[in-house]
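These are the residues of each chain, in order.
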Amino acid sequence: MPVANAADVTLKASHQWPGGKGDVRDEMVQILAREMEKANVGVKIQVYPGGSLFKPKEQWGAMVKGQLDVSAFPLDYASGRHPEFSATLMPGLVRNHERAARLNTSPFMDDIKQVITDAGVVVLADAWLAGAFASKKQCITSPDSMKGQVTRAAGPAFEQMLVGAGGSIASMPSSEIYTGLQTGVLDAANTSSGSFVSYRLYEQVTCLTKPGANALWFMYEPILMSKRSWDKLSKEQQDALMAAAKVAEDYFAGQAKGLDDKLVKAYEDAGVEVVEMSADDYNAWLAIAKETSYKNFAEKVEGGQQLIDKALAVE
């Protein structure tokens, strides 16, 4: 974005979730905007929610080119350009919120963030969202329960595991799941706890598998910024932006677990059956993931095995 006067900058922030409806990712970006207003350093952030400025998967390329300044972005959406990013939506790699928090400062995330930086994007705030499975056909617990279901999985690593269990895949961003279920394109879906609530998928499904103690699905959805836009800011403005991002990240950390509780309540209130994977279910899925997603990632992605090993080494 061309900046006429570095003292008076308007940054465009884009994301795919509903605006002003309590979605935690929208709220992170809104906090960023409010904190920058308070900092009074000549930077205003204009938020464009609901995919109104860029389509979900187009946001990465737009940031790289400097056409978009800021985005709350599910990193795996850019795994077609940077296959390493599939590790940030790898089945069973995270499992719970405590482990997600430890991963943020691990050598595994250092490597991921280096790829982000080298591509021309800056990480402002970390966020890992737990996710769930839901179906309008039958509850998804063990791998056998996926057989014959057409599902949306969010990224290639999950898709490979689900196909390994006998499911079929229809790929789409989370903003299209509701229509997919409504029109019969999908029988099932997995996405983040936040998206399950924000997109009101409880209107289309009969059974939810909550994250619980054995969350197979965790996705890294940070707030990112175009390095081209970042470099145009003064040191004072950059410092204020990082301070604002810390407020947003701390807010998210306080909300993350609560999102899962909010998810369960919304679905129970809507009359949807809520189940949980047992440790045995989780391990059965993990065995399939290791033979499909993990194996494929190690073979196809340069340094893939080392990345997985670094993630698994985090206590």
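Our structure's up above, just so we're on the same page.
My aim in this report is to walk through the structure given alongside it, one point at a time. Nothing here was measured: the structure is a model prediction, and the numbers come from that model.

**Brief notes about the nonpolar core**
For soluble globular proteins, nonpolar side chains are generally found buried alongside one another. Of all hydrophobic cores here, the largest spans 58 residues; its most connected members are Trp60, Phe108, Ile112, Ile116, Trp128, Leu224 and Trp285. Residue contributions to this core peak at seven residues, all from helix H10 (residues 279-300). Ignoring anything within four residues of it in the chain, the contact list for isoleucine 116 reads Trp60, Leu75, Phe85, Val121, Val123, Tyr220 and Leu224. Within the second largest apolar cluster, 52 residues are counted, among which are Val9, Leu32, Ala33 and Ile223.

**A closer look at the layout of surface pockets**
Reported here for the largest pocket is a volume of approximately 250 Å³. Of the residues forming the lining of the largest pocket, the biggest block, five residues, is contributed by helix H9 (residues 235-269). Taken together, the residues that form the lining of the largest pocket break down as eight nonpolar, two polar and three charged. In this structure, the second largest pocket spans a volume of roughly 210 Å³. In this structure, the second largest pocket is lined by 14 residues; those nearest its centre are Lys21, Gly194, Val197, Ser198 and Arg200.

**A closer look at the packing of aromatic side chains**
With the rule as written, the count across this model stands at nine aromatic pairs. On the numbers, 5.4 Å between centres and 75° between planes, the contact of tryptophan 60 with phenylalanine 85 is edge-to-face. In this pair, tryptophan 60 is assigned in helix H2 (residues 59-65) and phenylalanine 85 in the loop between strand E3 (70-72) and helix H3 (97-103), connecting sequence segments 25 residues apart. Overall, the relative accessible area of 0% leaves phenylalanine 85 in the buried class. Both rings, one in phenylalanine 196 and one in tyrosine 267, keep their centres 6.0 Å apart while their planes meet at 85°; by these two values the pair is edge-to-face. Of this pair, phenylalanine 196 sits in helix H7 (residues 193-198) while tyrosine 267 sits in helix H9, placing them 71 residues apart in sequence. With respect to class, phenylalanine 196 is no different from tyrosine 267; both count as buried. Across the ring face of tyrosine 77, the terminal group of lysine 57 is positioned such that the distance to the ring centre comes to 5.1 Å. In this arrangement the basic side chain of arginine 95 is found over the ring face of tyrosine 282, its NZ or CZ atom lying 3.8 Å from the centre.

**Comments concerning unusual backbone geometry**
Although it is not a glycine, arginine 95 sits at a positive phi angle of roughly 75°. Inspection of the secondary structure assignment puts arginine 95 in the loop between E3 and H3. Of the residues examined, arginine 95 reaches a relative accessible area of 27% and is grouped as partly exposed. Even without glycine at this site, alanine 154 takes up a positive phi of about 85°. Assignment of secondary structure puts alanine 154 in the loop between strand E6 (150-152) and helix H5 (156-164). Judged by its relative accessible area of 9%, alanine 154 is buried.

Criteria and cut-off values
Residues numbered from 1 in each chain as written. Predicted model: local features only at pLDDT ≥ 70, side-chain atom pairs only at ≥ 80, totals over all residues. Heavy atoms only, no water. Core = buried A, V, L, I, M, F, W, Y, C linked by side-chain atoms within 4.5 Å. Buried < 20%, exposed > 50% of the residue type's maximum accessible area, 1.4 Å probe, protein only. Helix = DSSP H or I, 4+ residues; strand = E, 2+ residues; numbered from the N terminus. Contact = heavy atoms within 4.5 Å. 1 Å grid on protein atoms, 1.4 Å probe; cavity = no way out; pocket = protein on both sides within 12 Å on 5 of 7 lines; lining within 4 Å. Points joined across faces, edges and corners; volume = space filled by probe spheres on them. Nonpolar A, V, L, I, M, F, W, Y, C, P; charged D, E, K, R; others polar. Phe/Tyr/Trp six-rings, centres within 6.5 Å; stacked < 30°, edge-to-face > 60°. Lys NZ or Arg CZ within 6 Å of the ring centre and 35° of its normal.

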